[in-house]
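Here are the chains, one letter per residue:
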Amino acid sequence: IKIEKFKGKDKGPYLVVYNHQTGYDQFIVPLSFNFPLYQVASDDIFSMGILSKIINYIAKPIPIKKNVSDITAVKTCIKVAKEGGSIALSPEGNRTYSGQTGHFNPAIVGLIKLLNLPVLIYRIEGGYNALPRWADKPRKGKVRAYVKNVIPQEQVASLSKEQLLQLL
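Worth saying up front: this structure is predicted, and the values here are computed from it rather than measured.

**Q** Whenever I open this one, a nonpolar patch on the surface confuses me. Can you help?
**A** Taken together, the side chains of Met48, Ile50, Leu51, Ile54, Tyr57 and Ile58 define a hydrophobic patch exposed on the protein surface, amounting to about 710 Å² of accessible area. Looking at the secondary structure, you find Ile54 in helix 2 (residues 50-59). Residue classification places Ile54 among the partly exposed residues on the basis of a relative accessible area of 43%.

**Q** Can you walk me through the packing of aromatic side chains in this structure?
**A** Any pair of aromatic rings gets described here by the distance separating the centres and the angle formed by the planes. Using the criterion set out here, one finds five aromatic pairs in the structure. Ring centres of Phe6 and Phe33 lie 5.6 Å apart, and the angle between their planes is 55 degrees; on these two criteria the pair is classed as tilted. Within this pair, whereas Phe6 is found in the loop between strand 1 (2-3) and strand 2 (15-18), its partner Phe33 is found in the loop between helix 1 (25-28) and strand 3 (37-42), the two being separated by 27 residues in sequence. Here Phe6 and Phe33 have matching classes, each one buried. The structure contains a cluster of three or more aromatic residues connected by ring pairs, namely Phe6, Tyr14, Phe33, Phe35 and Tyr122. Sitting above the plane of the Tyr146 ring, Arg144 keeps its charged end 3.8 Å from the centroid.

**Q** Mind showing me how you'd approach unusual backbone geometry here?
**A** Where the residue is not glycine, phi is negative for most of them; where a peptide bond is considered, it is trans in most cases. With a phi angle near 50 degrees, Asn116 is a residue other than glycine that sits in the positive phi range. Along the chain, Asn116 falls in the loop between helix 4 (108-115) and strand 6 (119-125). The exposure class of Asn116 is partly exposed, given its relative accessible area of 30%.

**Q** Before we go on, may I ask you to explain the nonpolar core in this structure?
**A** Buried together is how nonpolar side chains tend to be arranged in soluble globular proteins. Core analysis: the largest hydrophobic core is formed by 23 residues, its most contacted members being Leu15, Ile87, Leu115 and Val119. Ranked by residue count, the leading element in this core is helix 4, at five residues. Beyond its immediate sequence surroundings of up to four residues, Leu15 is in contact with Ile87, Leu89, Ile112, Leu115, Leu117, Pro118, Val119 and Leu120. Among the nonpolar cores identified, the runner-up in size contains 18 residues, and Ala88, Leu120, Val143 and Val147 belong to it.

About the thresholds
In this convention, every chain numbers its residues from 1, walking through the sequence in written order. pLDDT decides what is reported in this predicted model: residues at 70 or higher carry local features, side-chain atom pairs at 80 or more are listed and counted, and totals for whole chains, interfaces and linings draw on all residues regardless. Hydrogen atoms and water are omitted, and side-chain values are computed over all heavy atoms in the structure. Only residues whose relative accessible area exceeds 30% and that form no salt bridge are eligible for patches; like-charged ones are grouped when within 9 Å, while nonpolar side chains (Val, Leu, Ile, Met, Phe, Trp, Tyr) are grouped when within 5 Å. Values of accessible area rely on a 1.4 Å probe in the Shrake-Rupley scheme; residue burial ignores everything except the protein chains shown. We count a salt bridge whenever a side-chain nitrogen from Lys or Arg sits within 4 Å of a carboxyl oxygen from Asp or Glu. Helix and strand definitions here come from DSSP, where helices need a minimum of 4 consecutive H or I residues and strands a minimum of 2 consecutive E residues; each element is numbered from the N-terminal end. Relative accessibility under 20% of the residue-type maximum defines a buried residue, over 50% an exposed one, and the middle range a partly exposed one, all with a 1.4 Å probe and only protein chains included. Two rings from Phe, Tyr or Trp (for Trp, the six-membered ring) form a pair when their centres are within 6.5 Å of each other. A pair whose planes differ by under 30 degrees is stacked, one over 60 is edge-to-face, and the rest are tilted. Either the NZ atom of lysine or the CZ atom of arginine qualifies as a charge over a ring when it sits within 6 Å of the ring centre and within 35 degrees of the ring normal. Nonpolar core, defined: a set of buried Ala, Val, Leu, Ile, Met, Phe, Trp, Tyr and Cys residues in which side-chain atoms within 4.5 Å join the residues together. Only heavy atoms enter the contact rule, under which two residues are in contact if any of them lie within 4.5 Å.

It is worth stressing that arrangement in space is one thing and function is another; only the former is reported here.
Written out as structure tokens, the structure reads:
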């Protein structure tokens, strides 16, 4: 796996939006940055007993309910952003089944506009072939993870929701 360091400014806050290729993306993405990321994670990781307590202690993820508009998660993201924290999320919500970026709720654009942070579009390539969702163990393959595009805060504010959706 080749994880490229982010060459922008060392501190956030940023909103990092990434494609969800493997079960390890939440560990891969932060390795590109020299600042902590608060990851938005499905609330089902909070029902695994002691493992959930360990994850919460180490990573302090922002829980979100799947397939619904979760106002609590949005409020938490706003609070983190106002305090200068950077947030990472995968709009797909689930790992890819085919290797292609899956469908995501276009409401993510509303969250991006609301947070009004610079957006880092993070790309993971080859993860589906090396760590497919349907396989029991990793396979041979090359994985590359990097920031593909930076959308400055001013551009986020000036773009329409449709234009921002196209960039994503």
